[in-house]
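If you want the building blocks of each chain, they are given just below.
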Amino acid sequence: MRVTVDGQVVDVPADATVLRAVRAAGAVVPTLCHDDRLSPSGSCRLCLVRLAGRGVVAACVTAAADGQVVTTGEPEVTAMARQVLELTVERLPRTALDLPTELAARCAELGVGPDAFAAAGRGLGGDDSHPYVLLDRDLCIACGRCVRMCDDVQGAFALTLAGRGSDTVVAPGAGSWAQSACVSCGGCVDTCPTGAITQAGLGATRPAAVAVDTTCGYCGVGCALTVHVADGRITEITPDRSGSVNRGHACVKGRFAHGFATSPDRLTTPLIRSGQQLQPATWDQALAFIADRLHAVIERHGPDAVAAISSARATNEENYLMQKLMRTVVGTNNVDNCSRICHAPSAAGLTAAFGLAGGTNPADDIELADCILVAGANPTEAHPVVGARILQQVLSGGRLVVVDPRRTALAEIADVHLAGRPGSNVAVFNGLARIMLDEGWVDADFLSERADGLDELREQLRWFTADRVEQISGVPAGALREAARLYGTAAMPSIIYGLGVTEHAHGTDGVRTLANLAILRGAVGTGHGGGVNPLRGQNNVQGASDMGALPDLLPGYQRVDDPHARQRCEQVWGHPVPQRPGLRIPQMFDAALDGRVQALWVFGENIAQTDPDSGHVRAALQACDLVICQEIFLTGTARLADVVLPGASFLEKDGTFVNFDRRFQRVRPALDVPGQARTDFDILRSVAAALGGDLGCTTPAAALAECVLVAPLFAGVSHARLEREGHLHWPCRSPDDPGEARLYQRGFATPNGRAQLAARPWLPPGEQPDAQFPYVLITGRRLVHYNAGTMTRRTANLALQPRECVDIHPDDAAALGLRNGDDVEISSRRGSIVAAAHVTAQVGPGQVFLAFAFPQVAANLLTSAEVDEVTSCPEYKVTAVRLSPT
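The shown structure was predicted, so the numbers you read here are calculated from the model rather than taken from an experiment.

**Focus on the overall build of the protein**
Consideration 1: Helices and strands together make up the secondary structure of the protein, namely 29 helices and 38 strands.
Consideration 2: For 886 residues, the compact-globule estimate of 2.2 N^0.38 gives 29 Å, and the C-alpha radius of gyration of the protein, at 28 Å, lies within 12% of that figure.
Consideration 3: The dimensions of the protein, computed from C-alpha atoms along their principal axes, are 90 × 70 × 65 Å.
Consideration 4: A buried classification covers 62% of the 886 residues belonging to the protein.
Consideration 5: Of all intrachain contacts in the protein linking residues separated by at least 6 positions in sequence, the fraction that spans at least 24 positions is 71%.

Shown next, in the form of structure tokens:
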């Protein structure tokens with residue numbers, strides 16, 4: 001449409017408002033209730049313009065139309081807006097003008113001075129019960145932005161407008177803010193135009209701050225953040241409104257949980273073990289210690305006696321250097337990263353089904369889906385920004401199927417919740433596939449032209465009747481049929497899944513059988529499908545694998561036993577590459593215990609707390625002749641090390657991350673590393689030099705530039721392009737390749753170019769309950785804490801969740817005589833821990849749930865050493881336990 005604004009003709013899309021047309025013309029009209037992230041409400045009536053033929057209108061709620069003529073800035077209209085603003089502020093205290101807010105700016109623009117305000121406030125009081133959010137009701141103008149942000153972006157519905165007449169103000173439900181349904185996303189803080197809702201502790205006057213754009217270092221969503229720094233400290237972190245994934249939104253961790261960076265617990269100097277103690281040392285001493293001990297191990301036992309666990313929290317460039325160091329300086333392929341213990345089945349399963357080790361579709365396809373199948377994931381807690389997007393799509397009319405043993409927040413609103421027993425995923429997915437085939441809810445043309453394996457799958461599925469699936473999983477046959485109908489008849493179905501699919505003894509089979517549904521439906525590699533998309537757990541778990549921090553794969557997922565791939569790397573690196581695949585993480589521990597691994601380098605992972613059967617892990621660490629730990633805190637793993645190297649948090653890093661939808665994004669340092677700590681990039685180069693090697697790559701940009709020379713999958717990615725374009729999806733094979741947000745539009749990356757259906761039987765879990773251990777323990781995450789809690793427990797998030805509790809179904813609690821808060825001993829075949837009981841119907845009868853963010857409740861002391869038969873991913877989701885009241 002063409003609209004004329006103040007004599008200038010502008011083109012705007014069909015759904016544009018007059019306000020959008022005005023801004024497109026470069027004109028300015030004041031707004032107070034408007035936020036680009038929200039639907040317009042028109043409540044403040046400041047954005048007044050004259051529309052030819054209609055008169056004065058509010059620009060934000062008036063639809064633009066072809067041929068419209070708009071005039072801004074007329075004195076009469078400006079006077080009307082000024083009068084409206086004067087009426088708005090007449091009961092607000094004059095101190096509101098002193099705050100750095102939109103309201104103060106609008107008053108300055110329209111000439112509304114102190115005399116328009118009241119001498120004092122209305123005496124409505126405030127609320128300081130929340131550790132991050134401060135409410136001053138006297139400053140509220142009832143614009144509703146905070147309520148709309150809470151409802152229309154986050155979906156928490158925690159806020160409302162309460163009161164009568166001019167005393168109407170925002171309220172967090174009937175109680176205090178801390179007692180409300182608030183999920184602490186900070187959206188209300190970010191949108192409030194008056195200072196009524198602010199970040200606690202920030203204060204009315206803020207020092208001049210430097211703003212640094214970066215990418216969040218918590219989960220794998222990849223939220224774009226702006227870090228505001230003054231006097232060497234972070235004053236606040238705000239979501240980047242131009243962020244390609246989060247679109248101006250954040251969660252409690254990314255928005256608020258940054259205090260760990262300046263915690264007094266930060267490691268600031270190297271440590272070397274002397275007897276039973278770790279003693280401070282210089283960098284020269286630490287590097288010489290490492291070089292001497294590693295050289296001795298290699299001389300006595302060979303390079304394969306050294307192993308390294310790289311870091312999913314580190315940048316791509318750091319992971320690239322780590323795998324290069326191990327292969328070219330040490331001379332071994334014994335390098336792995338924590339994707340081994342979470343999404344290795346995704347890489348294996350998606351590669352086998354489609355050809356590449358990543359999700360098939362971008363996050364933006366969530367809003368295009370008319371049916372979303374969420375399997376084994378709790379995104380509203382583990383990936384809150386994606387969870388909010390899924391929630392909003394469902395509230396907008398999308399259908400939702402949830403496959404999860406727990407009644408999660410999304411399961412509560414799902415059209416169908418398939419609460420299968422832990423370990424029954426393959427049976428459930430096969431049951432869905434059987435019904436889809438029987439009912440004809442498949443894309444026959446797609447299957448004929450672009451997929452293989454249908455006959456074999458059909459034969460396998462003969463066994464999986466709905467009744468038999470019900471016997472295995474406990475999922476009612478009727479619910480299974482309804483879920484199959486919703487997904488099978490949707491025009492744009494999408495699958496989003498998490499660790500509840502992968503962390504099983506048959507996790508790769510789970511991924512393959514889940515992918516079958518998308519292939520049957522023709523919902524991947526086409527214009528009418530949302531594909532199959534894993535939610536990655538850590539900020540750069542995708543990138544760590546992309547960069548080749550894997551024992552059998554070089555950068556770009558090239559097999560280490562492929563001579564052509566090795567030759568490509570050898571030509572760039574100038575060193576031979578070992579041709580035998582190295583050890584996976586669980587194999588490293590076993591090898592340490594039997595003497596094959598003598599030195600273990602642990603980079604940015606607290607394996608003593610996060611890896612399963614932690615007693616076994618600790619024994620492996622203690623068996624090594626040398627343990628190197630590269631960390632930012634003295635974690636449980638660091639305490640067992642022989643030498644500790646103080647590294648950098650994501651707020652001090654320069655480089656890139658890759659998020660869950662294969663999106664390269666820049667990471668920029670907002671802070672200097674504390675004390676004598678170094679960036680991990682510099683540490684890796686220094687260790688290589690101490691060992692007599694030279695990694696080259698003097699900067700992170702140079703490291704990525706070298707990586708793309710050996711990995712054709714990323715050949716078009718560079719720091720320079722990311723600075724210009726913001727993000728790039730891989731594959732990106734040349735400098736002019738825009739990258740592939742949606743994969744397989746022109747064909748699959750399998751050897752024959754066709755999607756591969758998988759005929760897989762259901763097999764029972766590796767560990768099952770019995771009379772001695774009758775309950776099943778499921779492990780996972782909570783909203784406010786991240787992974788091992790190393791960072792979040794050193795922030796005010798601890799006030800939101802000060803301890804870990806074990807979730808127990810009310811029937812089980814009654815049978816055991818337990819009430820909320822009672823201590824209960826949880827025992828498995830490997831050990832025992834004690835936690836307070838949380839009685840909730842979110843878990844099913846016979847099941848309990850624990851997170852592992854608190855070392856005092858060491859959930860992984862209980863978990864088993866059973867692993868996925870294909871990838872060695874541990875079975876975190878099924879552990880047989882016994883409950884005993886204490």
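Having seen the model, we can carry on.
**Here we look at the packing of aromatic side chains**
Each aromatic ring pair is characterised by the separation of its centres together with the angle its planes make.
Consideration 1: Counted under the stated rule, the structure contains 14 aromatic pairs.
Consideration 2: For the ring pair Phe 446 and Phe 748, a centre distance of 6.2 Å and an interplane angle of 85° mean the geometry is edge-to-face. With Phe 446 in helix α14 (residues 444–450) and Phe 748 in the loop between β31 (727–729) and β32 (755–756), this pair connects stretches of sequence that are 302 residues apart.
Consideration 3: The cationic tip of Arg 662 hangs over the ring face of Trp 730; the distance from NZ or CZ to the ring centre is 5.8 Å.

**Points about the sheet that holds strand β10 (residues 197–199)**
Consideration 1: In spatial order, the strands read β6-β7-β10; together these three strands make up an open sheet with antiparallel pairing. One side of each edge strand has no neighbouring strand; the edge strands of this open sheet are β6 (126–127) and β10.
Consideration 2: As paired strands, strand β7 (residues 133–136) and β10 are joined by three bridges and run antiparallel to one another. Counted as the bridge partner of Leu 135 is Ile 197 from β10.

**Quick look at the pattern of salt bridges**
Consideration 1: Applying the stated criterion across every chain, the model contains 47 salt bridges.
Consideration 2: Measuring nitrogen to oxygen at the nearest pair gives 3.5 Å for the salt bridge that ties Glu 412 to Arg 407.
Consideration 3: The partly exposed category is assigned to Glu 412, whose relative accessible area is 47%.
Consideration 4: A salt bridge links Asp 438 to Arg 434, with the nearest nitrogen and oxygen atoms 2.8 Å apart. Taken together, the residues Asp 438 and Arg 434, both in helix α13 (residues 425–439) and four residues apart, mark about one turn of the helix.
Consideration 5: Given the relative accessible area of 53%, Asp 438 is considered exposed.
Consideration 6: Overlapping salt bridges, with partners in common, bring together Asp 35, Arg 37, Glu 102, Arg 145, Asp 190 and Arg 241 in one network.

**Points about the pairing of strand β2 (residues 8–11)**
Consideration 1: The pairing of strand β1 (residues 2–5) with β2 spans four bridges and is antiparallel. Paired with Val 5 across the bridge in β2 is Gln 8.
Consideration 2: Where β1 folds back onto β2 in an antiparallel hairpin, the turn is made up of two residues, including Asp 6, whose phi is positive at roughly 50°.

**Section: the side chain of Arg 106**
Consideration 1: Examined against the element boundaries, Arg 106 turns out to sit in helix α3 (residues 102–110).
Consideration 2: Accessibility expressed as a relative area gives 14% for Arg 106, which makes it buried.
Consideration 3: Apart from residues no more than four positions distant in its own chain, Arg 106 is found in contact with Pro 30, Thr 31, Leu 32, Leu 46 and Leu 85.

**Focus: the side chain of Ser 649**
Consideration 1: By secondary structure assignment, the location of Ser 649 is in the loop between β28 (643–646) and β29 (655–658).
Consideration 2: On the accessibility criterion, Ser 649 (3% relative accessible area) is buried.
Consideration 3: Once residues lying within four places of it in the same chain are set aside, the contact partners of Ser 649 are Phe 260, Ala 261, Arg 266 and Ile 632.

**So, the nonpolar core**
For soluble globular proteins, the rule of thumb is that nonpolar side chains tend to be buried together.
Consideration 1: If you look at the biggest cluster of nonpolar residues, it comprises 117 residues, and the most contacted ones within it are Phe 354, Leu 373, Leu 418, Leu 432 and Phe 714.
Consideration 2: Judged by nonpolar contacts, the second largest core, of 45 residues, contains Ala 377, Val 394, Leu 535 and Tyr 786.

**Describing the state of the cysteines**
Consideration 1: Applying the stated criterion to the full structure yields zero disulfides.
Consideration 2: Not engaged in a disulfide, the cysteine Cys 107 finds its nearest cysteine sulfur in Cys 44; these two sulfurs lie 12 Å apart.
Consideration 3: A relative accessible area of 1% places Cys 107 in the buried class.
Consideration 4: Free cysteine Cys 146: the closest other cysteine sulfur is in Cys 140, separated by 6.1 Å.
Consideration 5: The class for Cys 146 is buried, based on a relative accessible area of 7%.

**Comments concerning helix α17 (residues 477–489)**
Consideration 1: The end-to-end C-alpha distance of α17 is 18 Å, a good match for the 18 Å that 13 residues give at a rise of 1.5 Å each.
Consideration 2: When α17 is considered as a whole, its buried residues turn out to be Ala 477, Leu 480, Ala 483, Ala 484, Leu 486, Tyr 487 and Gly 488.

**Considering the sheet that holds strand β3 (residues 48–51)**
Consideration 1: On the basis of which strands lie adjacent, the open sheet formed by five strands has the order β2-β1-β5-β3-β4 and mixed pairing. Two strands lie at the open edges of the sheet, namely β2 and β4 (55–58), each paired on one side alone. Geometrically, the sheet is characterised by an average inter-axis angle of 35° between neighbouring strands, direction not taken into account.
Consideration 2: Pairing of β3 with β4, which is carried by four bridges, proceeds in the antiparallel orientation. Bridged to Val 49 within β4 is Val 57.
Consideration 3: Of the strands in this sheet, β3 and β4 are in contact with helix α2 (residues 75–89), which crosses β3 at around 145°.

**Examining the pairing of strand β22 (residues 493–497)**
Walk down a regular strand and you will see the side chains alternate between the two sheet faces.
Consideration 1: In terms of burial, β22 is a largely internal element, five of the five residues being buried.
Consideration 2: Burial of the side chains of β22 extends over both faces: Pro 493, Ile 495 and Tyr 497 are buried on one face and Ser 494 and Ile 496 on the other.

**Regarding the environment of Gly 155**
Consideration 1: Along the chain, Gly 155 turns up in the loop between α4 (145–154) and β8 (160–162).
Consideration 2: Sequence-distant contacts of Gly 155, defined by excluding residues within four places in its chain, comprise Cys 150, Leu 391 and Gln 392.

**A look at the environment of Pro 731**
Consideration 1: For Pro 731, the location among the structural elements is in the loop between β31 and β32.
Consideration 2: C-alpha of Pro 731 to C-alpha of His 785: the two residues are 54 residues apart in sequence and 33 Å apart in space.
Consideration 3: Excluding anything up to four places from it in sequence, Pro 731 contacts Leu 356, Arg 662, Leu 713, Asp 737, Gly 739, Glu 740 and Leu 743.

**Re helix α8 (residues 316–330)**
Consideration 1: When the terminal C-alpha atoms of α8 are compared, their 20 Å separation across 15 residues agrees well with the 21 Å that a helix rising 1.5 Å per residue should span.
Consideration 2: Where α8 bends most, at Lys 324, the angle is about 25°.
Consideration 3: Within α8, 14 of the 15 residues are buried, which leaves it mostly tucked inside the rest of the structure.
Consideration 4: At the C-terminal side of α8, Gly 331 shows a positive phi close to 95°.

**Details of the packing of α13 against α17**
Consideration 1: In the contact formed by α13 and α17, the axes pass within 9 Å of each other and the chain directions differ by 65°. Regarding α13 and α17, the two cross each other, and that crossing is right-handed. Contact with α13, carried on its side by Val 428, Gly 431, Leu 432, Ile 435 and Met 436, involves Leu 480, Arg 481, Ala 483, Ala 484, Tyr 487 and Gly 488 of α17 and no other residues of that element.

**Let's talk about the environment of Ile 141**
Consideration 1: Examined against the element boundaries, Ile 141 turns out to sit in the loop between β7 and α4.
Consideration 2: It is 41 Å that separates the C-alpha atoms of Ile 141 and His 417, two residues lying 276 residues apart in sequence.
Consideration 3: Setting aside residues no more than four positions away along its own chain, Ile 141 makes contact with Leu 32, Thr 88, Leu 92 and Thr 194.

Rules of the game
Sequence order as written defines the numbering, with residues in each chain counted from 1. Where local features are concerned, this predicted model is filtered to residues with pLDDT of at least 70; where side-chain atom pairs are given and counted, the filter is 80 or more; whole-chain, interface and lining totals use all residues. Only hydrogens and water are set aside; all other atoms, that is, all heavy atoms of the structure, feed into the side-chain values. A helix here means a DSSP run of H or I that spans at least four residues, while a strand means a run of E at least two residues long, and both kinds are numbered starting from the N terminus. Each radius of gyration reported is based on C-alpha atoms, and the globular scaling rule is 2.2 Å times the count of residues to the power 0.38. The classification of residues rests on relative accessible area computed with a 1.4 Å probe and restricted to protein chains. Under 20% of the type maximum is buried, over 50% is exposed, and intermediate values are partly exposed. The contact criterion used is simple: two residues touch if any of their non-hydrogen atoms lie within 4.5 Å. Pairing of aromatic side chains here covers Phe, Tyr and the six-membered ring of Trp, requires ring centres within 6.5 Å, and sorts the geometry by plane angle: under 30 degrees stacked, over 60 edge-to-face, intermediate tilted. Note on criteria: charge over ring means Lys NZ or Arg CZ within 6 Å of the ring centre, with the direction from the centre no more than 35 degrees off the ring normal. One bridge is not enough; two strands pair if DSSP finds at least two bridges between them. A pairing counts as a salt bridge when a side-chain nitrogen of Lys or Arg comes within 4 Å of a carboxyl oxygen of Asp or Glu. Here, nonpolar core means buried Ala, Val, Leu, Ile, Met, Phe, Trp, Tyr and Cys residues that are tied together by side-chain atoms lying within 4.5 Å of each other. Cysteine sulfur atoms that come within 2.5 Å of each other are treated as a disulfide pair. Multiply 1.5 Å by the residue count of a helix minus one, and that product is the helix's expected span. Lines fitted to the C-alpha atoms define the axes, with helices restricted to the stretch that makes contact. Angles between their N-to-C directions range from 0 to 180 degrees. Bend is computed residue by residue as the angle between axes fitted to the seven residues ending at the residue and the seven residues starting at it. Whether a crossing is left-handed or right-handed is set by the direction in which the near helix is turned from the far one by less than a right angle, anticlockwise for left-handed and clockwise for right-handed.

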